[in-house]
Amino acid sequence: MIFVDLRDRTGVLQLVIDPQKFPEAGSLGLQDCLYAAGVLKERPDGQKNPKMVTGGVEMHVERFELLAKSKVPPFVVESDVKASEELRLRYRYLDLRRAPVQKSIIFRHKVISAMREYLNGYDFIEIETPILTRSMPEGARDYLVPSRLYPGKFYALAQSPQMYKQLLMVAGFERYYQIARCMRDEDPRHDRQPEHTQIDIEMSFVDEDDVFGLTEGMFVHIVKTVLNQELKIPFPRLPYEQSIRRYGTDKPDLRFGMEIINVKEALEEKDFPPFRDKGEIRGLMIDEGGGISRKRLDEINEQAKNAGLIGVFWAKREEKYSGSIAKLLDENTAAKLRFERGNLLIVTAGDDKVFPFLGQLRNELAAELNLHEPGFRFLWVTDFPIFEVDEKTGRLVPSHHIFTQPQAEDLKYLEKEPLTVHGRLYDLVCNGNELASGSIRNHNRQLQEKLFAIAGMAKKKYTMLLDALEYGAPPHGGIAPGIDRIVMILAGLKSLRDVIAFPKTTTAQGLLEGIPDAVSPEQLRELKIKFD
Ligand code: ASP
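Residues numbered from 1 in each chain as written. Predicted model: local features only at pLDDT ≥ 70, side-chain atom pairs only at ≥ 80, totals over all residues. Heavy atoms only, no water.

*Asks:* Hey, could you run me through the site of the ligand in this one?
*Replies:* Around the ligand, 13 residues are found, and the nearest of them are Gln-162, Lys-165, Arg-184, His-401 and Arg-441. Contacts to the ligand include Ser-160, whose side-chain N or O atom sits 3.2 Å from a nitrogen atom. Between a nitrogen atom of the ligand and a side-chain N or O atom of Gln-162, the distance comes to 2.7 Å. Relative to its unbound accessible area of 270 Å², the ligand is 94% covered by the protein chains. For the shell around the ligand, the secondary structure elements donating two or more residues are α4 (162-170), β21 (433-440) and β22 (476-481). Ranked by residues supplied to the shell around the ligand, first place goes to β22 with three residues. Class assignment of the residues belonging to the shell around the ligand gives a composition of two nonpolar, eight polar and three charged. (Near = heavy atom within 4 Å. Polar contact = N/O pair within 3.5 Å; in protein donor to acceptor, adjacent residues only side chain to side chain. Areas by Shrake-Rupley, 256 points an atom, 1.4 Å probe, with all protein chains shown as cover. Helix = DSSP H or I, 4+ residues; strand = E, 2+ residues; numbered from the N terminus. Nonpolar A, V, L, I, M, F, W, Y, C, P; charged D, E, K, R; others polar.)

*Asks:* What's the story with the nonpolar core in this structure? I'm lost.
*Replies:* The nonpolar side chains of soluble globular proteins are, as a tendency, buried together. Core analysis: the largest hydrophobic core is formed by 42 residues, its most contacted members being Ile-201 and Phe-219. Mapped by element, the contributors of at least two residues to this core are α3 (99-121), β10 (195-204), α5 (208-227), β17 (378-382), β20 (425-430), β21 and α13 (483-490). Looking at this core element by element, the count peaks at eight residues for α5. Look past the residues within four positions of Phe-219 in its chain and what remains in contact with it is Leu-231, Phe-235, Phe-378, Leu-428, Leu-435, Pro-481 and Ile-486. Formed by 22 residues, the second largest nonpolar core is a distinct cluster that contains Phe-256, Ile-260, Ala-304 and Phe-355. (Core = buried A, V, L, I, M, F, W, Y, C linked by side-chain atoms within 4.5 Å. Buried < 20%, exposed > 50% of the residue type's maximum accessible area, 1.4 Å probe, protein only. Contact = heavy atoms within 4.5 Å.)

*Asks:* In this structure, what is going on with the packing of α3 against α13? I would like to understand it.
*Replies:* For any two helices packed against each other, the geometry comes down to the angle between their axes and how far apart the axes lie. For the pair α3 and α13, the least separation of the axes is 10 Å and the interaxial angle reads 115 degrees. Crossing of α3 over α13 shows right-handed handedness. Taking contact as the criterion, the partners of Ser-104, Phe-107, Arg-108, Val-111, Ile-112 and Met-115 in α3 are, on α13, Ile-483, Asp-484, Ile-486, Val-487 and Leu-490. Grouping the constituent residues of the contact of α3 with α13 by class yields eight nonpolar, one polar and two charged. (Axes fitted to C-alpha atoms, helices over the stretch in contact; angles between N-to-C directions. Left-handed = near helix turned anticlockwise from the far one by under 90°.)

*Asks:* Got a minute to help me understand the packing of aromatic side chains in this structure?
*Replies:* In this description, an aromatic ring pair is defined by two values, namely the gap between the centres and the angle between the planes. Taken as a whole and judged by the stated rule, the model has 16 aromatic pairs. Site record: aromatic cluster; members linked through ring pairs are Phe-212, Trp-380 and Tyr-426. The ring of Tyr-91 carries the charged tip of Arg-90 above its face, separated from the ring centre by 4.6 Å. (Phe/Tyr/Trp six-rings, centres within 6.5 Å; stacked < 30°, edge-to-face > 60°. Lys NZ or Arg CZ within 6 Å of the ring centre and 35° of its normal.)

*Asks:* How should I be thinking about the side chain of Ser-204 in this particular structure?
*Replies:* If you trace the backbone, Ser-204 turns up in strand β10. Of the residues examined, Ser-204 reaches a relative accessible area of 8% and is grouped as buried. Aside from chain neighbours lying at most four places away, what touches Ser-204 is Met-169, Glu-174, Pro-474, Pro-475 and His-476.

*Asks:* Quick question: what am I supposed to make of the sheet that holds strand β6 (residues 132-133) here?
*Replies:* Sheets are built from strands that pair by backbone hydrogen bonding, the pairs being arranged parallel or antiparallel. The strand order β6-β8-β7 describes an open sheet built from three strands, whose pairing is antiparallel. The open sheet has two edge strands with one neighbour each: β6 and β7 (144-146). Summarising the sheet, β6 and strand β8 (residues 154-157) pair through two bridges and their orientation is antiparallel. Counterpart to Leu-132 in the pairing with β8 is Leu-157. (Pairing = 2+ DSSP bridges.)

*Asks:* How should the pattern of salt bridges be read in this particular structure?
*Replies:* Any two side chains of opposite charge can pair, so long as their charged atoms come close to each other. Enumeration according to the criterion identifies 38 salt bridges in this entry. We note a salt bridge from Arg-341 to Glu-319, for which the minimum N-O separation is 3.4 Å. One end of the pair, Arg-341, is in the loop between α9 (331-337) and β16 (344-350); the other, Glu-319, is in the loop between β14 (313-317) and β15 (321-322), with 22 residues separating them in the sequence. Here the two residues Arg-341 and Glu-319 agree in accessibility, since each one is exposed. Its salt-bridge partner being Glu-449, residue Lys-459 comes within 3.4 Å of it at the nearest N-O pair. Of the two residues, Lys-459 is situated in the loop between α11 (445-454) and α12 (463-468) and Glu-449 in helix α11; the sequence distance between them amounts to 10 residues. Relative accessible area serves as the criterion here: at 40%, Lys-459 is assigned to the partly exposed category. (Salt bridge = Lys/Arg side-chain N within 4 Å of Asp/Glu carboxyl O.)

*Asks:* Mind showing me how you'd approach α13 here?
*Replies:* Counting along an α-helix, one turn takes 3.6 residues, and residues three or four places apart therefore face a common direction. Summarising burial for α13: seven of the eight residues are buried, a large majority. For α13, every residue scored as buried is listed here: Ile-483, Asp-484, Ile-486, Val-487, Met-488, Ile-489 and Leu-490.

*Asks:* Please explain the sheet that holds strand β12 (residues 260-262) as it appears in this structure.
*Replies:* The five strands lie next to each other as β12-β13-β16-β14-β15, forming an open sheet whose pairing is antiparallel. In the strand order of this sheet, the two ends are held by β12 and β15, each with one partner. Helix α10 (residues 354-368) contacts β12, β13 (280-286) and β16 of the sheet and is inclined by roughly 10 degrees relative to β13.

*Asks:* What is the right way to look at the pairing of β20 in this model?
*Replies:* A regular strand places its side chains on the two faces of the sheet in alternate fashion. β20 sits mainly inside the fold: six of its six residues count as buried. What you see with β20 is no split at all: Leu-425, Asp-427 and Val-429 on one side and Tyr-426, Leu-428 and Cys-430 on the other are buried throughout. In the sheet, β17 pairs with β20 via five bridges, with the strands oriented antiparallel. Among the inter-strand pairings, Thr-382 is bridged to a residue of β20, identified as Tyr-426. Bridge count for β20 against β21 is six bridges, and the pairing is antiparallel. Across the sheet, the residue bridging to Asp-427 is Ser-437, located in β21. Remark: two residues form the turn of the hairpin made by β20 and β21, two consecutive strands paired antiparallel; Asn-431 in that turn has positive phi of roughly 50 degrees.

Here is the structure:
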């Protein structure tokens, strides 16, 4: 008898084939494609495989056909794959045959179906918008597409449907969504894809509460549908400035505590020279500080210096205090800092740079000490400044995008002190990841033009929106949750590439397609493109 593990989309079944009846079954290879029909029987005792879902049965084959032979695959197609990711991406169609990858792609389909189901239930209309559009930098660099019919002119691949969805509101559709592909030519970074997918949403006559309510309901529905788990709503809301001061980041991970603490007041009268004249003296109080070695503390000190700070100082409380600031601690300071036995205090001092440094350290230590509670901790981060200074150019740029409405009470500062103006801007964060961004938009041309002027952006490129705003545009706003990241987090996976059927590498290459690639001289001639 020949035993064959036959796989289809639903799993694996053992076939029992009689070589007398089907001699060709004797030369079957891994990954051959075959047809089999027969009788499903319970396996005899002793031959059952409890590790296999179908391990209690087997099919005795009565009809058999070899449909296609497979070459020896370049790697063994198995759940626990050993091949490098490069090789797997080169042969992605084989990699996609592996059960865990199939599972995550099917899971993605379920998440997207749940999104559609939910939004359709609220009378949203799914509308496609152009991929080929005009170059309108929305924050990232555009991918440009040369025009053959109009040599020297270019289309751009849409960075998002932002302007079109606003035009759909002007057009009176009121509730729109789209599973939208967004293409951005950004510098490669771990877990960034040159093209990503959003569930792009826009609504008329709404304010922040409406957008939050709808989005929360959608996540409740998704998580219930795909994981059968309940989410608690409403999600907490945290203004941006508080988020930075308490967690050192605008995407705080709330699966653990360890907030950044202000040490200044407690240690003020100690006159410790390194802390003298420092604007901020902040630290982390770590409950399970015992798990952090001396060597790690030295490393943290180096990390702080690399971040442009003075380094870190620390104290441990056991029988007594130990560490570089042990001498600053007594009953009084310990009480102020809630410094308990077993705790470790790490402190740094300087300017606002202390916050991102401690925020990053907070995340690292939580991972090292396994502090994450299971489950999903969502929150809204709100009240972002509408503008920020671009580090590279020193110029004022929109912190989300230029279509965001400034908060009414800050409008008077818009021209004189634009950096102090908050936007009607929000991010949805889950477990330390930004899952969505959105805003309430400008439906008034003059205000929108003023924002372009402040950011030094040529309003000419945006004429189509500006003109439309003069024809009775309704107030509107929206949000765009990133589907790749949502699926990755809900599936408990670590890489975006695991939830995209044909992903690019971290260096923006398609190994399967062999892209980017050169094109023929004829193609370039047609486009009238010459290289020096
Ligand atoms: N278009 C925005 C983005 O892609 C999302 C939004 O503001 O709705 O980030």
